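Residues per chain, in single letters:
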Amino acid sequence: MASNTIKLRATEADGQVTIKALITHPMELGTRKDAKTGELIPAHFIQDVTVNHAGKPIVTGAWSGGVSKDPYLSVRFAGKKGDEVSVAWKDNKGDSDSVSAQVG
Amino acid sequence: MNTSTKRRVFLKGSMAATAVGVAVGAGLLAPRAVLAAWPEEAFKAKEIGVALKSLLGSDAFDASADIDVKAPDIAENGAVVPITVETKLKDVESITVLAAKNPVPLVASYAMGKGADGFVSMRIKMGATADVIAIVKAGGKLFSAKKEVKVTVGGCGG
């Protein structure tokens, strides 16, 4: 999987770092049918998402296919400008991606 | 054996074959990747209580005024419903988001590390008008808050 599926913004205000991540992913439930063929579209969704701060996981999420297509996630935690943050995901097919950024 | 009986036998046989084909297809459509961390049982549960017991070990929770669930009153498109869960509770261990009437109510669950704020914002799918329920585990106890979202077009089926 290409490494450009995540857009990540990290900003700091008053000692709080806000992470905003936009992930490009189909988030297919596996219960939808193809409109043309009538066949079920196989499930394909992100199961694990991790937000790391200074190399340590600070928020780890488990997702179902109930998360919208091209998921957006925002979390907050204590931190400062220049800290390294990263977001990683892994889906039910074993694909994964991660990206890191500096808090600005 | 006359022709029509033969045809009947043939039809029976092909129908049985089709049934097997469907079963195999269904098996293939649900690949079970080995992911120890992902709580598969909770994500398969059709009932909120079952999902919570499996995920958090308990389905007993108290309503809390310290949890704020932000979501639109009316969502025209159930496929994209923006929600925000924010809590003032201390020692937040996890935040879990459920959509009460989805085929699989459990949407997402977040484990909050030390230093993390009680804040999660995301977009979820909703199959029908229902409550968005947030369950916050703080100090070993479960607290909840909910907000009803009217869904005009569901986003869970095809």
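My aim in this report is to walk through the structure given alongside it, one point at a time.

How each quantity is defined
- Residues numbered from 1 in each chain as written.
- Chains lettered and ligands numbered in written order.
- Predicted model: local features only at pLDDT ≥ 70, side-chain atom pairs only at ≥ 80, totals over all residues.
- Heavy atoms only, no water.
- Buried < 20%, exposed > 50% of the residue type's maximum accessible area, 1.4 Å probe, protein only.
- Helix = DSSP H or I, 4+ residues; strand = E, 2+ residues; numbered from the N terminus.
- Arc of directions from axis to C-beta.
- Contact = heavy atoms within 4.5 Å.
- Phe/Tyr/Trp six-rings, centres within 6.5 Å; stacked < 30°, edge-to-face > 60°.
- Lys NZ or Arg CZ within 6 Å of the ring centre and 35° of its normal.

1. Examining helix α3 (residues 48–56) of chain B
Residues and elements named next belong to chain B. Listed in full, the buried residues belonging to α3 are Ala-51, Leu-52 and Leu-56. Buried residues in α3, looked at end-on, bunch into an arc of 95°, giving them a common side. Considering only its buried residues, α3 is in contact with α2 (40–44), β5 (92–99), β6 (106–112), β8 (130–138) and β9 (141–153). Phi turns positive one or two residues past the end of α3, at Gly-57, with a value near 85°.

2. What to know about the packing of aromatic side chains
Under the defined criterion, the tally for this structure stands at 2 aromatic pairs over all chains. On the numbers, 5.8 Å between centres and 50° between planes, the contact of Phe45(A) with Trp38(B) is tilted. One end of the pair, Phe45(A), is in the loop between β2 (16–23) and β3 (46–53); the other, Trp38(B), is in the loop between α1 (3–29) and α2, on a second chain. Accessibility expressed as a relative area gives 9% for Phe45(A), which makes it buried. Residue Trp38(B) is classed as buried on the basis of its relative accessible area, which comes to 10%. Centroid distance Trp38(B) to Phe43(B): 4.7 Å. Interplanar angle 10°. Geometry classified as stacked. We note that Trp38(B), like Phe43(B), is buried. Site record: aromatic cluster; members linked through ring pairs are Phe45(A), Trp38(B) and Phe43(B). When the ring centre of Phe119(B) is taken as origin, the NZ or CZ atom of Arg76(A), which lies over that ring, is 4.2 Å away.

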